[in-house]
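Each chain is listed here by its residues.
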Amino acid sequence: GLARDGAPALEVRRLAPDWLMARWRAAYGQDSALRIAAAIADEPLSDLTLRETADAAGLAEALNGRILPGGSLRAGLKGDLAEWPGFAEGLWWVQDVSAAIPARLLHVQPEQTALDMCAAPGGKTLQLAAAGALVTALDRSPQRQARIVQNLQRIGLSAELVTADAALWADERQFDAVLLDAPCMATGAFRRQPDVLWAAKPSEIPKLAQVQARLLDSAARRVKPGGRLVYSVCSIEPEEGEGQVQPFLKRHPDFRLEPISAGEGGAPEASVTADGLLRILPFHVEGGADGFFVARFIRHT
């Protein structure tokens, strides 16, 4: 990337809008802000999640890739995914290494119930189903639900699909595990979609933070006593991540934080905060990763 080649910091800064660079400097410091921006210039490889870990070594060889901590496979191939070894057989699906971590942190057991609240495009639903959970996948868009169905069919897994707004879903059921990968600014996804940074507006951040809080309240109602709730966003903006945690715990005294440990589910050591949250910055994984925030809660009553 640019920073490593000794290009001046000015050029790196121009890769992201000034207002976002200023926010990242304030949140993470000058050095990290420049390293985030430098990642914008890197072309990402495709990360795959495997249906069965037993296939890992052979698939890594066939795909000219390597297995990352946590079990994701970073493929070295380019071009049409549908032509790659294992695609037709449903041995893997595309999912950024960061995006694969939240579902693993639920540690679902076979026959446990799991709710994926904003499920499309379905990678997390597939992970939970592959672990043997009985999965309910919620998404408000029928078009996006159709993609989940296609993915489930190709991989050979099943889930209950519900088309509904996750904040307003009237179902009274409670689940052993709830995953809320909430709609967000998506500033962490810029490696694959650089346009997100230039389309973003500062005024959207507080609006989305309110949506996230509402979705978290909806998620809380759906967790069984003793069950886990994992909250994640592919955003680098603190209001959408860290800023949600204490207000959520104040509103829901029946929940406590369940700290995430370094290496757990592939969590990069550099990403684990003092209180056991996960703040993944793109340079925390060698070769790059999406920016993500993850928090895990347990309902104790």
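Caption draft 1: The arrangement of the overall build of the chain in detail. Across its full length, the chain holds 10 helices and 12 strands. Structurally, the chain occupies a C-alpha span of about 55 × 50 × 35 Å along its principal axes. Relative to its 301 residues, the chain shows a buried fraction of 53%. Taking as baseline every contact in the chain between residues at least 6 positions apart, the subset at least 24 positions apart corresponds to 69%. Only carbon and sulfur atoms are counted for the fraction: they give 53% of the accessible area of the chain, which is about 13000 Å². Taken as two groups, the 32 positive and 37 negative side-chain charges of the chain have centres that lie 4 Å from each other.

Caption draft 2: Spotlight on helix 7 (residues 142-155). A rise of 1.5 Å per residue sets the reference length of helix 7, with its 14 residues, at 20 Å; its end C-alpha atoms lie 20 Å apart and thus fit the reference within 8%. Turning to helix 7, its buried residues are Gln 145, Ile 148, Asn 151, Leu 152, Arg 154 and Ile 155. Buried residues along helix 7 sit against strand 4 (92-94), helix 6 (123-130), strand 6 (134-139) and strand 7 (160-163). Backbone geometry just after helix 7 places Gly 156 at a positive phi near 80 degrees.

Caption draft 3: Highlighting the packing of helix 9 (residues 204-221) against helix 10 (residues 242-251). Here helix 9 crosses helix 10 at 40 degrees, and the two axes come no closer than 11 Å. What the angle tells us is that helix 9 and helix 10 run oblique. Judged by the twist between their axes, the crossing of helix 9 over helix 10 is right-handed. Side by side, helix 9 and helix 10 meet where Ala 209, Gln 212, Ala 213, Leu 216, Asp 217 and Ala 220 of the first sit next to Gln 244, Phe 248 and Arg 251 of the second. Considered class by class, the residues forming the contact of helix 9 with helix 10 number five nonpolar, two polar and two charged.

Caption draft 4: Expanded view of the sheet that holds strand 1 (residues 47-50). Read across the sheet, four strands follow the order 2-3-1-4 without closing on themselves; strand pairing throughout is antiparallel. In the strand order of this sheet, the two ends are held by strand 2 (66-67) and strand 4, each with one partner. Here strand 2 runs beside strand 3 (residues 73-74); their pairing, made up of two bridges, is antiparallel. Counterpart to Ile 67 in the pairing with strand 3 is Leu 73.

Caption draft 5: Summary view of the nonpolar core. The biggest cluster of nonpolar side chains holds 62 residues, and the ones touching the most others in it are Leu 180, Leu 229 and Phe 297. Met 21, Ile 36, Ala 37 and Leu 197 belong to the second-largest nonpolar core, a separate cluster that totals 18 residues.

Caption draft 6: Representation of the side chain of Asp 290 in the model. Along the polypeptide, Asp 290 turns up in the loop between strand 11 (278-280) and strand 12 (292-299). Judged by its relative accessible area of 8%, Asp 290 falls in the buried class. At 2.9 Å, the side chain of Asp 290 forms a polar contact with the side chain of Arg 191.

Caption draft 7: The packing of aromatic side chains, seen in detail. For the coordinates displayed, the defined rule picks out six aromatic pairs. Aromatic side chains Phe 248 and Phe 255 sit 5.4 Å apart centroid to centroid with 65 degrees between the ring planes, which places their arrangement in the edge-to-face category. Judged by its relative accessible area of 0%, Phe 248 falls in the buried class. Taking relative accessible area as the criterion, Phe 255 reaches 4% and is therefore assigned buried. Grouping aromatic residues by their ring pairs yields a cluster made of Trp 84, Phe 87 and Trp 92. Positioned above the aromatic ring of Phe 87 is the side chain of Arg 154, whose terminal nitrogen or guanidinium carbon lies 4.0 Å from the ring centre. Sitting over the face of the ring of Trp 92, Arg 154 holds its NZ or CZ atom 5.7 Å from the ring centroid.

Caption draft 8: Geometry of the layout of surface pockets. What the largest pocket holds in volume is close to 1400 Å³. Lining the largest pocket are 44 residues, and of these Ala 120, Pro 121, Lys 124, Asp 181 and Cys 234 sit closest to its centre.

Caption draft 9: Broad picture of the pattern of salt bridges. In the structure shown here, the tally under the stated rule is 20 salt bridges. One salt bridge in this structure joins Lys 224 and Asp 176, with 3.4 Å as the shortest N-O distance. A residue pair is termed long-range when its members are at least 10 positions apart, and Lys 224 in strand 9 (residues 223-233) and Asp 176 in strand 8 (residues 175-181) qualify at 48 residues.

Caption draft 10: Looking closely at the pairing of strand 5 (residues 113-116). Pairing geometry for strand 5 and strand 6, over four bridges, is parallel. Within strand 6, the residue paired with Asp 116 across the bridge is Ala 137. Pairing between strand 5 and strand 8: three bridges, direction parallel. By the bridge assignment for strand 8, Leu 115 is matched with Val 178.

Caption draft 11: How the structure looks around the environment of Gln 150. Along the chain, the position of Gln 150 falls in helix 7. Through-space distance from the C-alpha of Gln 150 to that of Asp 176 is 26 Å; in sequence the pair is 26 residues apart.

The rules behind these values
Residues numbered from 1 in each chain as written. Predicted model: local features only at pLDDT ≥ 70, side-chain atom pairs only at ≥ 80, totals over all residues. Heavy atoms only, no water. Helix = DSSP H or I, 4+ residues; strand = E, 2+ residues; numbered from the N terminus. Buried < 20%, exposed > 50% of the residue type's maximum accessible area, 1.4 Å probe, protein only. Contact = heavy atoms within 4.5 Å. Areas by Shrake-Rupley, 256 points an atom, 1.4 Å probe, with all protein chains shown as cover. Lys, Arg positive; Asp, Glu negative; His and termini not counted. Charge placed at Lys NZ, Arg CZ, Asp CG, Glu CD. Expected span 1.5 Å × (residues − 1). Axes fitted to C-alpha atoms, helices over the stretch in contact; angles between N-to-C directions. Parallel < 35°, antiparallel > 145°, perpendicular 65-115°, else oblique. Left-handed = near helix turned anticlockwise from the far one by under 90°. Nonpolar A, V, L, I, M, F, W, Y, C, P; charged D, E, K, R; others polar. Pairing = 2+ DSSP bridges. Core = buried A, V, L, I, M, F, W, Y, C linked by side-chain atoms within 4.5 Å. Polar contact = N/O pair within 3.5 Å; in protein donor to acceptor, adjacent residues only side chain to side chain. Phe/Tyr/Trp six-rings, centres within 6.5 Å; stacked < 30°, edge-to-face > 60°. Lys NZ or Arg CZ within 6 Å of the ring centre and 35° of its normal. 1 Å grid on protein atoms, 1.4 Å probe; cavity = no way out; pocket = protein on both sides within 12 Å on 5 of 7 lines; lining within 4 Å. Points joined across faces, edges and corners; volume = space filled by probe spheres on them. Salt bridge = Lys/Arg side-chain N within 4 Å of Asp/Glu carboxyl O.

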